[in-house]
Amino acid sequence: MKKGIAKNFAFKLITYLIVPILISVGSAEIVLRVAGYKPWQIENVDVAVEPKGNFFTKDSELGYKHLPGKFKVTLNGNYSFNATHLNNSLRITHPLNTYNQSSKKPEIWIFGCSFTYGWSLNDSETYAWLLQEKLPKYEIVNFGVNGYGTLHSFIQFKEALKQGKKPKIAVIAYAGFHDRRNTLLRARRKQMAAWNKLGVLFQPDARLNAKNHFTYSMAKLEYHEWPLMRVSALVNFLEVNYNQFEEGLYKSHDVSKAIIEEFNRVAEANGVKLVVAGINAGSAKMLDELSQEGIATADISVDLKMPGNNNLPHDIHPSAAANRQYAEKLDGFLEGTVLK
């Protein structure tokens, strides 16, 4: 009798609870796939570097930085560009042989990510190089590095000041996607998962404290995916939305703002003028907030969805044409305001 009751209960549980759940999950999976959502597929990184095979070296303060030297980088086996890094690891902004000349020109330091570095472009196509041509009375220094965020820029700035040099102007090329880089949350770790095959990387990781100031430490750039993400569009969809929630929970935007505010305090203490240049459409909110605080801001963004402004189908980064626009806009702002 008891066995019969147990079987009956199990049958009802399956019929009225488990089956509807399975139907709902299956329906959601179908709807999401029809809408274009897919299971997670880890990106295939196809980058070949000559002559050394490596492009970066470890750094105790920044996690990594460029190797010095001349490099040919080939993407997906069919698109190449040439990049030259100085002994201090930074990309050149004028011909390499002209660095042998002693320069006492006032300097303009530009900080940023791969957009500022000029990933997928030759040296002379980057907006930092083009700005140097427009401002020959100044020495343009390109601190841009692939994958860097605003926290990296702040650390670079402090370390560079320790070397005894001070620029006339420091430019932060800010993009909205830098927020998740500064807090190193799941969305950023997921984005970088394809690079884990090169070994575990370290990155600076910032958080707001009780006084609304930021603190940071070095963290492993590891990503732990959810079960079934690679086979289920639903699981991947839920994980993506959780990542967006996490970004708000840890106030990534506010962390970036606190970093820039501290950057500005350090700049003012050293007699350096700070300019925050919004380099993508997602920078508008930050520019507005900083402008209200009296920090100089400029919108130099370009519509990267417009054909010709990106390097597709080879690479999604800004094209040479986009970099010419960046240089025009930044030059116009600098010469019209802080360089008057």
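Computed from a predicted model, the values in this text were never measured in an experiment.

Draft legend 1. Seen up close, the sheet that holds strand β11 (residues 273-278). The strand order across the open sheet built from five strands is β7-β6-β8-β11-β12, with neighbouring strands paired in parallel fashion. Where the open sheet ends on each side, the last strands, each with one partner, are β7 (139-142) and β12 (296-299). Put simply, the sheet's adjacent strands are angled 20° from each other on average, direction ignored. Both strand β8 (residues 169-174) and β11 contribute to a ladder of six bridges, which runs parallel. The partner of Y174 across the bridge, within β11, is G278. In the packing of helix α8 (residues 252-269) onto the sheet, the strands contacted are β6 (107-111), β8 and β11, and the crossing angle to β8 comes to about 170°.

Draft legend 2. Structural view of the sheet that holds strand β1 (residues 47-50). The sheet built from three strands is open, its strands ordered β1-β4-β5 with antiparallel pairing. Of all the strands in the sheet, the pair left with one neighbour each is β1 and β5 (79-85). Here the average twist between neighbouring strands, direction ignored, is 25°.

The rules we used
- Residues numbered from 1 in each chain as written.
- Predicted model: local features only at pLDDT ≥ 70, side-chain atom pairs only at ≥ 80, totals over all residues.
- Heavy atoms only, no water.
- Pairing = 2+ DSSP bridges.
- Helix = DSSP H or I, 4+ residues; strand = E, 2+ residues; numbered from the N terminus.
- Axes fitted to C-alpha atoms, helices over the stretch in contact; angles between N-to-C directions.
- Contact = heavy atoms within 4.5 Å.

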